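Structural description and commentary
Take a look at the letters that make up each chain.
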Number of protein chains: 2
Amino acid sequence: MFENLVRHIQKFVALNEEEQIILRSYVKFEKIKKKQYLLQEGQFCHANWFIVKGCLRSYTLKENGNKQMVQFAIENWWLTDYFSFEQKKPSKLFIQTVEDCELISIDDRTSEDLFAKIPQLERYFRLILQKSYAASLMRLQYMFNLSPEERFHHFNENFPSFIQRVPQYMLASYLGFTPEFLSKIRAKMADS
Amino acid sequence: MFENLVRHIQKFVALNEEEQIILRSYVKFEKIKKKQYLLQEGQFCHANWFIVKGCLRSYTLKENGNKQMVQFAIENWWLTDYFSFEQKKPSKLFIQTVEDCELISIDDRTSEDLFAKIPQLERYFRLILQKSYAASLMRLQYMFNLSPEERFHHFNENFPSFIQRVPQYMLASYLGFTPEFLSKIRAKMADS
DNA sequence: TGATTTTCTTAATCATGATTAAGTTTTTTT
DNA sequence: AAAAAAACTTAATCATGATTAAGAAAATCA
């Protein structure tokens, strides 16, 4: 389990035996069943979760009570609420397991210590954040430049494995339209 | 000019005299008139610009030839195309001055060197990226959860100074609607 | 296995904001 | 100061995708 994390980190920076041992002492291992909550609105988010196996999602509650998908995360992704970190305010997010999960987490209250001991990790997270930020801006571009229908086709082509993994209503919300509209698109696709 | 950058960095990490001198040798100073391009589609983006004074914007060209605003940046913000860095591919962005600007830039081909000499800067950029990423996710939330009209009012309340600083057609595009619709909103506001 | 909850589908109606096109105002250039 | 370009406004028409409501299918539970 821990090896998955180390392997991922080593794609970005070197990490020797000694450093691995230090890192291990700072992380927490969790196995969690489907549909459990890691974080709920109003709580403070102190963990940054690395997905060894499974799938997480984050969402917010809209005024009308609907859930608005914010992010999905699968193997080798990190998920947390950076906004809550930044602002030192209770989170507006729900973070929930979509599948049974194996997770590794780092507590943000000890991470400064950890970075001091292993400066390479500071670099690792800088690179991860750079990647995440770029991806987030790209998603914004899709929102602006593509119609809902085009967004679905684009997602379909680029992340086909996701389609089977997550319920369609979550996907619809993630792409910014209603489940009813997604049904319509699929009906149209079956025609042709 | 350089002092502005140092002051900003020191909000996040400490930076002694010696480090300041090293940093200075890695940056480039530029004064640029309004409406000039720092980057155009197809070029490789190697600079990360810090705005000492003025305003930048980035946009993409849509299929129909319209410009889609991606980001604004004003004093004490950094702007670049991280996506182009990541992918080592030519940029799809245009980066342009909206006002006369005073800029400081770092070249990404020398920044690894710089971070090795001043590890604090690695930390500084991690924190900046964390902030930027959180802001970008927040903007996505506004796209999902607010109507175009609500987005305008929200922006109006939270960034009133921006409204006077940038042309309305840029703002409309940034918020994801047409300039015609923005006129409509303003007409409605003048009524009541 | 049957019962219940969750997820997905279909179809009619409706509202928002895009598009088009013309005209006005403001800013920039010469 | 005049001419040209850039930015903004108004109004009519139109299309996309939301909403509503009902029912079907699939997954989960007891």
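Attention in this report is confined to the structure presented alongside it.

Conventions and cut-offs
Residues numbered from 1 in each chain as written. Chains lettered and ligands numbered in written order. Predicted model: local features only at pLDDT ≥ 70, side-chain atom pairs only at ≥ 80, totals over all residues. Heavy atoms only, no water. Least-squares fit on C-alpha atoms with pLDDT ≥ 70 in both. Contact = heavy atoms within 4.5 Å. Buried < 20%, exposed > 50% of the residue type's maximum accessible area, 1.4 Å probe, protein only. Helix = DSSP H or I, 4+ residues; strand = E, 2+ residues; numbered from the N terminus. Pairing = 2+ DSSP bridges. Polar contact = N/O pair within 3.5 Å; in protein donor to acceptor, adjacent residues only side chain to side chain. Near = heavy atom within 4 Å. Nonpolar A, V, L, I, M, F, W, Y, C, P; charged D, E, K, R; others polar. Arc of directions from axis to C-beta. Buried area = accessible area lost by both parts, 1.4 Å probe. Salt bridge = Lys/Arg side-chain N within 4 Å of Asp/Glu carboxyl O.

The two copies are related by a screw operation: chain B maps onto chain A through 180 degrees of rotation and 0.0 Å of translation along the axis, at an RMSD of 0.0 Å. Accordingly, the operation relating the two chain copies is best matched by a two-fold axis. The share of interface residues of chain B whose copies in chain A are also at the interface is 100%, consistent with both copies meeting through the same surface.

All names here are of chain A. Buried residues dominate strand β8 (residues 101-107), accounting for 5 of its 7 residues. Both strand β1 (residues 27-32) and β8 contribute to a ladder of 6 bridges, which runs antiparallel. Within β8, the residue paired with F29 across the bridge is I104.

Let's shift gears to the environment of Q71 of chain B. The residue Q71 of chain B is located in strand β5 (residues 67-74) in this model. The class for Q71 of chain B is buried, based on a relative accessible area of 14%. Measuring from C-alpha to C-alpha, the distance between Q71 of chain B and Y174 of chain B comes to 7.2 Å, with 103 residues separating the pair along the chain. Apart from residues no more than four positions distant in its own chain, Q71 of chain B is found in contact with Y133 and L137 of chain A together with L56, R57, S58, L79, R139 and Y174 of chain B. Within polar-contact distance, the side chain of Q71 of chain B engages the side chain of Y133 of chain A at 2.8 Å.

Taken together, 16 residues lie near DNA strand D, and P148 and T178 of chain A together with Q168, Y169 and S183 of chain B sit nearest. Expressed as a percentage, the sugar and phosphate content of the atoms of DNA strand D within 4 Å of the protein is 79%. Contact between DNA strand D and K34 of chain A: a phosphate oxygen at 3.1 Å from a side-chain N or O atom of the residue. Mapped onto the surface near DNA strand D, the elements with two or more residues apiece are α9 (179-191) of chain A together with α8 (168-175) and α9 (179-191) of chain B. Take the surface near DNA strand D: its biggest share by element is 4 residues, from α9 of chain B. Split by residue class, the surface near DNA strand D holds 6 nonpolar, 5 polar and 5 charged.

Now for helix α1 (residues 2-10) of chain A. Residues and elements named next belong to chain A. The set of residues buried in α1 consists of F2, L5, V6, H8 and I9. Looking straight down α1, one finds its buried side chains confined to an arc of 160 degrees; they lie on one side. The elements touched by buried residues of α1 are α2 (17-26), β1, β3 (47-53), β6 (78-79), β8 and α5 (119-145).

A word on the interface of chain B and chain A. Across the boundary between the two partners, chain B contributes 36 residues, which contact 36 residues of chain A. Summing both sides of the interface, chain B and chain A together bury roughly 3,500 Å²; the carbon and sulfur share of this comes to 64%. If you sort the residues of chain B by the area they bury against chain A, R126, Y133 and F144 of chain B come out on top, with a joint share of 21%. Run the count over chain B and chain A and you get 6 salt bridges. The closest approach of N and O atoms between E112 of chain B and R126 of chain A, which form a salt bridge, is 3.5 Å. At the junction of chain B and chain A, the tally comes to 15 residue pairs in polar contact (both at pLDDT 80 or more). If you list the elements that add at least two residues to the side of chain B that touches chain A, you get β5, α3 (82-87), α4 (111-117), α5 (119-145) and α8 of chain B. The residue makeup of the side of chain B that touches chain A, split by class, is 18 nonpolar, 10 polar and 8 charged.

Residue and element names in this part refer to chain A. Take N48: it is sitting in strand β3. Classification of N48 as buried rests on a relative accessible area of 6%. At a separation of 3.3 Å, a polar atom in the side chain of N48 contacts the side chain of Y82. The contacts of N48, once residues within four sequence positions are left out, are W78, L79, T80, Y82, I104, S105, I106 and F125.

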